[in-house]
Amino acid sequence: MKPTLLRLRGRLAIHASILALLAACGPAAEPVTPPPPAPPELSSAAPAPKAENPIEKGDPQRIGEDVKRLASDELAGRGTGDAGAQQAAEHVEKRFRELGLEPFGDAEGNGKNFKQKFSARVGAKVEAPMVSLAKKGQKAAKTPAPADVITAEGAQTGEAKGEVVFVGHGVTAPAASWDDYAGKEIAGKVALIVDGAPKPESGGKNAEALRDFKSVRYKLRTAREHKAVAAIVVAAGEELPAAPENASGMGIPAVVLKRSAAKVLFPEIKWDDAAVSSPKAAVKPKALTGTELTVATRLEPTFADAWNVVARLPARAGSKTAEEYVVIGAHYDHLGKGGTSHSRAPGAREIHHGADDNASGTALLLDVARRFSKLTEKPARNIVFIAFGAEELGTLGSRHWVEHPPVPIGSVTAMINADMVGRMRDRTLVVDGTGTAAAWPELVNAANAGISLTLKLGAEGFGASDHASFTAARVPVAFLFTGVHDDYHKPSDTADKVDVGGIDLIATLAARLTQAVAERPERLAFVEAPAAQDPHKGGGGGGRGFRASLGSIPDYAWQGKGVKLTGVRPDAPAARAGLQAGDIIVKLDKHEITNVHDYVFALGDLEPGREITVEVERDGKRVALKIIPAPGR
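Below or above, wherever it landed, is the structure these notes cover. Computed from a predicted model, the values in this text were never measured in an experiment.

Things to note about the overall build of the protein chain
And step 1. Looking only at helices and strands, the protein chain has 15 helices and 26 strands in total.
And step 2. The buried share of the protein chain, taken over its 633 residues, is 58%.
And step 3. For the protein chain, the share of sequence-separated contacts (at least 6 apart) that also reach a separation of at least 24 residues comes to 79%.
And step 4. Carbon and sulfur atoms make up 51% of the accessible area of the protein chain, which amounts to about 25300 Å² in all.

Here's the deal with the pattern of salt bridges
And step 1. Applying the stated criterion to the full structure yields 39 salt bridges.
And step 2. Residues R62 and D66 are paired through a salt bridge, measuring 3.3 Å at the closest nitrogen-oxygen approach. Taken together, the positions of R62 and D66, both in helix α3 (residues 60-70) and four residues apart, correspond to about one turn of that helix.
And step 3. We classify D66 as buried; its relative accessible area is 1%.

A few points about the side chain of S343
And step 1. Checked against the element boundaries, S343 lands in the loop between β13 (325-331) and α9 (355-373).
And step 2. Polar side-chain contacts of S343 include one of 2.8 Å to the backbone nitrogen of A345.
And step 3. Here H352 takes part through its side chain, which lies 2.7 Å from a polar atom of the side chain of S343.
And step 4. When neighbours within four sequence positions are excluded, S343 is seen to be in contact with L335, G338, H352 and H489.

Looking at the packing of α3 against helix α13 (residues 500-519)
And step 1. With their axes 9 Å apart at the nearest point, α3 and α13 run at an angle of 115° to one another. By the angle class used here, α3 and α13 are roughly perpendicular. Between α3 and α13 lies a crossing whose hand is right-handed. Together, P60, I63, G64 and V67 of α3 and V500, I503 and D504 of α13 make up the contact between the two elements.
And step 2. In terms of residue class, the contact of α3 with α13 is made up of five nonpolar, one polar and one charged.

Side note on the packing of aromatic side chains
And step 1. Scanning all chains against the criterion turns up nine aromatic pairs.
And step 2. By way of ring pairs, the aromatic residues F213, Y218 and F601 are connected into one cluster.
And step 3. A cation over an aromatic ring shows up here: K115 above the ring of W307, its NZ or CZ 5.3 Å from the ring centre.

Section: the side chain of S552
And step 1. If you trace the backbone, S552 turns up in strand β20 (residues 552-554).
And step 2. With a relative accessible area of 10%, S552 lands in the buried category.
And step 3. Setting aside residues up to four positions removed in sequence, S552 forms contacts with L565, G567, V568, R569, A574 and Y599.

Here we look at helix α10 (residues 396-403)
And step 1. Along α10, seven of the eight residues are buried, which leaves the element largely enclosed by surrounding structure.
And step 2. Looking at α10, one finds that the buried residues are L396, G397, S398, R399, H400, W401 and V402.

A few points about the environment of L366
And step 1. Residue position: L366 is located in helix α9.
And step 2. With 303 residues separating them along the chain, L366 and I63 place their C-alpha atoms 8.0 Å apart.
And step 3. In contact with L366, other than residues within four places in its own chain, are D66, H91, V92, R95, F96 and L99.

Some words on the sheet that holds strand β10 (residues 254-257)
Note: strands within a sheet are paired through backbone hydrogen bonds, in either parallel or antiparallel orientation.
And step 1. Spatial ordering of the open sheet is given by β3-β11-β5-β8-β9-β10-β4, a layout of seven strands whose pairing is mixed. Edge positions in the sheet fall to β3 (130-135) and β4 (149-151), since each has one partner strand and no second. Sheet twist, expressed as the average angle between the axes of neighbouring strands with direction ignored, equals 30°.
And step 2. Relative to strand β11 (residues 286-297), strand β5 (residues 158-166) runs antiparallel, the two sharing eight bridges. What sits directly across from E159, in β11, is A296.
And step 3. Lying over the sheet, helix α6 (residues 216-225) contacts β8 (190-194), β9 (230-234) and β10, oriented at roughly 150° with respect to β8.

A word on the environment of H485
And step 1. Mapped onto the elements of the fold, H485 is located in the loop between β18 (477-481) and α13.
And step 2. Taking the C-alpha atoms as reference points, H485 and D356, separated by 129 residues in sequence, lie 9.7 Å from one another.
And step 3. Of note is the side chain of H485, whose polar atom sits 2.7 Å from the side chain of D356.

Some points on the nonpolar core
And step 1. Membership of the largest hydrophobic core comes to 64 residues, with the highest contact counts inside it found for F96, F385 and W440.
And step 2. In contact with F96, other than residues within four places in its own chain, are L101, F114, V309, V310, A311, L365, L366, A369 and F385.
And step 3. Listed in part, the 31 residues of the second largest apolar core include V165, I193, V216 and A231.

Cut-offs used in this document
Residues take numbers from 1 onward in each chain, read along the sequence in its written order. With the structure being a predicted model, the display of local features is reserved for residues of pLDDT at least 70 and the display and counting of side-chain atom pairs for 80 or more, all residues being used for whole-chain, interface and lining totals. Only heavy atoms go into the side-chain values, all of them from the structure, while hydrogens and water stay out. Working definition: helices are DSSP H or I runs of at least four residues, strands are E runs of at least two. Numbering for both runs from the N terminus. Classification of residues uses two cut-offs on accessible area relative to the type maximum, computed with a 1.4 Å probe and protein chains only: under 20% is buried, over 50% is exposed, and between them is partly exposed. Working rule for contacts: check all heavy atoms of both residues, and any pair within 4.5 Å makes them a contact. Per-residue accessibility takes into account occlusion by the displayed protein chains alone, with areas from the Shrake-Rupley method and a 1.4 Å probe. By definition here, a salt bridge exists when the distance from a side-chain nitrogen of Lys or Arg to a carboxyl oxygen of Asp or Glu is within 4 Å. Polar contacts here mean pairs of N or O atoms no more than 3.5 Å apart (in protein, one a potential hydrogen donor and the other a potential acceptor; neighbouring residues in sequence count only if both atoms are side-chain atoms). The convention used is that axes are lines fitted to C-alpha atoms, helices contributing only their stretch in contact, and that angles between N-to-C directions extend from 0 to 180 degrees. When an angle is under 35 degrees it counts as roughly parallel; over 145 it counts as roughly antiparallel; between 65 and 115 it counts as roughly perpendicular; any other value is oblique. Should the near helix be turned counterclockwise from the far one by less than a right angle, the crossing is left-handed, whereas a clockwise turn marks it as right-handed. Lys, Arg, Asp and Glu make up the charged group, whereas Ala, Val, Leu, Ile, Met, Phe, Trp, Tyr, Cys and Pro make up the nonpolar group; the residues left over, Gly among them, are polar. Side-chain rings of Phe, Tyr and Trp, where Trp is taken by its six-membered ring, are said to pair if the distance between their centres is within 6.5 Å; with planes under 30 degrees apart they count as stacked, over 60 as edge-to-face, and otherwise as tilted. Lysine and arginine charges are scored as sitting over a ring when NZ or CZ, respectively, is within 6 Å of the ring centre and within 35 degrees of the ring normal. Here, any two strands with at least 2 DSSP bridges between them count as paired. Among buried residues, the Ala, Val, Leu, Ile, Met, Phe, Trp, Tyr and Cys ones that are joined through side-chain atoms within 4.5 Å form a nonpolar core.

Now the structure itself:
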């Protein structure tokens, strides 16, 4: 399951201000739902039994085998761009072939390929940075050893030079009564910043709030907004962070420097003094006169091939709805060996098995495909089975399929998505998106007949998984989900904790629901569903949210400047202000927006009910709109 904006802020370290992630301890395994009892054996004299409806016949053993295979060490977390993700795609393709389904992955829908290839941005190529300090009266410039400096997370490709100004922890937070930049003009200068967060003498709420301002990305954004041309972040000790894995920059070149190297380059600063490392009040900016520091950094995004794996069960000949399609999907990718901000164990370079997220949904997809493949009569509408790639990077696979479908997207009548369906508790299933078509609640409840799960129906069609791509394309969606848990996005999300019997029950509901939508005489009509709490962030975690909400849906695949919108939630501030899909937000209130990280930081500064201006690029023109943020959820 991908991160939303709420999760994103947790991942960016100031994300700690927007998102406090779930508790770090792993739970005991949930009780496993027992499979349905086997029917009694028939004696040879008994009459021939009535043929069983294959839609009702699960295969828990096969489901378990698929989960174990996808979550195995051999597939190494199925990270996009890794061999494990390709092996997972090949596993799904092999299963589709075995079931006799038609290939439906090529752009023309001519039945040649199961795989639909696309390109995914997976990381960054980072060159060694250059730092050179010239001081008046000294002939030779000083440079740190290569092992003492690294390109900062959020650095922008470029070169800049200027006088050095020490700005403490580099925090401007009026609400917490702290401003390290107060009283000093640093336009055109290089900001010298202490890593970490300040600890005010007053303690209490201000101290808690200031912990949220420790991320390097936030420090670079703040330096840029004070018109610094570059930044040096001085580490707390001799350990440097890993090289950036995201080439999206905050607008200025920047590096992180070991504390020992900072002592050599900038002896004017008393680095071991508590007033520097742990100030009780904001420092007064200090210009290091006679200095000229040059900083150069270079980062380029790296890309990898990724695949959606797509199969079709064609509609029966002569059906009046044979040109219409029902999609059921699940993403098969996960986080590989972690080590990125997506992981909830970011320092662990271990296999993130992703058994629940989302080997469970992929196994459900394959089981539903198996059931449909055994039908003696084909359905009234085509059924398309899609295992999506690169969901964890921002629903890239589903976005690609919606934008490059083998058939007109208007012919897709519904989409059913399964993401994290392997940890059912108390026989409870969340079904979100039921507000995107008036008929969904009745259809879902009918599909639950005899299974008797406790259903929690949610209306909103947007959310943190692949169904959101279809909602944005105005396709009715139903999203199946069993809840967040403490193993989410951690190496401990392993196959032994998955409730196979629960997946089997949900697969029965999903198969019934898919069949019901496929056989309806009339197609589902899309409805703009009201915004609601995303179920991924309910119940067991997700942490604190934004103070204010706009109801915007960012396009995580966008690689240009600003934040492009996939859409806006109905009757939300963004919709009322006139924002629309395709708009590119370039300024929010007083903050320039260069990328989604800037947008997250700017959202954190908004106050509910205080009208602001948002500037967007639309059809080549810059448009200013007034918007009143709503209270956060």
